[in-house]
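Read off the chains here:
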Amino acid sequence: MHHEETQDATHDLAVISRLRRERQAVILAHNYQPGEIQDLADFTGDSLELSRRAADCDAPVIVFCGVFFMAETAAILSPDKVVLLPELAAGCPMADMADGPALRAMKARHPQAKVVCYVNSSAEVKAESDICCTSANAVRVTASLPGEVIFVPDIHLGGWVSRQLNRELILWNGFCPTHARILPGYVQQAKQEHPHAVVYVHPESRADVIALADETLSTGGMLRAARTSTAREFIIATEIGLLHRLRLENPDKRFYPATPNASCPNMKKITLAKIAQALTTLTPRIEVPEPIRTRARLAITRMLDLP
Ligand code: 13P
Ligand code: SF4
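Cut-offs and rules
Residues numbered from 1 in each chain as written. Chains lettered and ligands numbered in written order. Predicted model: local features only at pLDDT ≥ 70, side-chain atom pairs only at ≥ 80, totals over all residues. Heavy atoms only, no water. Near = heavy atom within 4 Å. Nonpolar A, V, L, I, M, F, W, Y, C, P; charged D, E, K, R; others polar. Pairing = 2+ DSSP bridges. Helix = DSSP H or I, 4+ residues; strand = E, 2+ residues; numbered from the N terminus. Contact = heavy atoms within 4.5 Å. Axes fitted to C-alpha atoms, helices over the stretch in contact; angles between N-to-C directions. Buried < 20%, exposed > 50% of the residue type's maximum accessible area, 1.4 Å probe, protein only. Right-handed = clockwise from strand over helix to strand, strands pointing away. Polar contact = N/O pair within 3.5 Å; in protein donor to acceptor, adjacent residues only side chain to side chain. Salt bridge = Lys/Arg side-chain N within 4 Å of Asp/Glu carboxyl O.

Concerning the site of ligand 2
- In the neighbourhood of ligand 2, the contacting residues comprise Y32, V67, C92, P93, M94, N120, C176, E204, C264 and M267.
- Split by residue class, the shell around ligand 2 holds 8 nonpolar, 1 polar and 1 charged.

See the structure below:
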């Protein structure tokens, strides 16, 4: 880092440290955030853990270091809080692959079907859904619904759930462009280079990559599994931001990315300077208009209330 950049970072950190206290703000970060942001957050976690935190926390201000749908989920659960997304352009291309009108059209073609929406979706899509899920609970959530199920928007997560439950699901055609960069050849090569390594794969990955997994897990699941595993080496097939915490928490174990190219450009749009700016101006604030918010909330609370 250049001298001026170091000075800027020190200044941003000082602003954040003062304002997070003054504003009584809680800083939440997803496991894919840049390392320095994970380090300053009050809580870092996977999508399920973050939505539980957002639902439970009583801070008046939440700074969400992640992508749009995550801040939107927090705003759906806590309409009275100021929910800030430090960079409004940090979207999720997979979430943008489904919208309300297209989902309504699919529902009209399958009038008996219930809808499970992956949390990586817009408030409008959640409002059209019966229940939400994350990668940590997608199998359990889908299993709770008998009969026909539409799974939106991730075709890979939905396909994995369908294989786990041995049940046909009506799948949407969405996918994560970052996980799509993880090809089976990369995992096979990493396995050749590290023959004793255990392979963890995120279920947003392609089916032929999931087929190479020892375990298919959410990011929070990977962190828990790595902590308790007796293995010393791991090949990690997910967004590379997760490596930061895996390495920090397990200094005696080795973690290899399936490919260093699996970096989500949207997750990396959040910077220290933008967090400092958001805390200063209390913008960009995420709010979800009624009645979409109340309908979307029902899908999320059904998931959170599932035993
Ligand atoms: P999880 O952290 O819930 O596994 O989510 C992965 C993801 O892609 C979030 O955008
Ligand atoms: Fe969306 Fe994929 Fe980025 Fe997650 S990693 S925010 S699913 S594009």
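Read on for the rest.
Quick notes on the sheet that holds strand 9 (residues 198-201)
- In space, the 4 strands of this open sheet follow the order 10-9-11-12, with parallel pairing throughout. If you trace the sheet from one side to the other, it starts and ends with strand 10 (215-216) and strand 12 (254-257), each paired once.
- Helix 12 (residues 242-249) rests against strand 11 (233-237) and strand 12 of the sheet, and its axis sits at about 170° to strand 12.

Considering the pairing of strand 11
- Within strand 11, 5 of the 5 residues are buried, leaving the element largely enclosed by the surrounding structure.
- Neither face of strand 11 is open: one carries E233, I235 and A237, the other F234 and I236, and all of them are buried.
- Alignment of strand 9 against strand 11, held across 4 bridges, turns out to be parallel. Bridging across to strand 11, V198 finds its partner in F234.
- In terms of strand pairing, strand 11 meets strand 12 through 4 bridges, oriented parallel. By the bridge assignment for strand 12, F234 is matched with F255.
- The handedness of the strand 11 to strand 12 crossover, carried by helix 12, is right-handed.

What about the site of ligand 1?
- As a structural note, the neighbourhood of ligand 1 is formed by 13 residues, with H30, S135, H202, E204 and T219 the closest of them.
- Side-chain polar atom of H202 to an oxygen atom of ligand 1: 2.7 Å apart, as the coordinates give it.
- With respect to ligand 1, the side chain of E204 contributes an N or O atom lying 2.9 Å from an oxygen atom.
- Within the shell around ligand 1, the residues separate by chemical class into 4 nonpolar, 7 polar and 2 charged.

Some words on the pattern of salt bridges
- Considering all chains together, one arrives at 14 salt bridges under this definition.
- Ionic pairing is found between E87 and K274, a salt bridge with its closest N-O pair at 3.1 Å. Within this pair, whereas E87 is found in the loop between strand 4 (82-84) and helix 5 (100-109), its partner K274 is found in helix 13 (residues 272-281), the two being separated by 187 residues in sequence.
- With its nearest N and O atoms 3.1 Å apart, the salt bridge here joins R232 to D252.

Some details on the environment of V115
- Structurally, V115 is set in strand 5 (residues 114-118).
- Sequence separation between V115 and I170 is 55 residues, and the spatial gap between their C-alpha atoms is 9.3 Å.
- Beyond its immediate stretch of four places on either side in the chain, V115 contacts L103, K107, E128, S129, D130, I131, I150 and V152.

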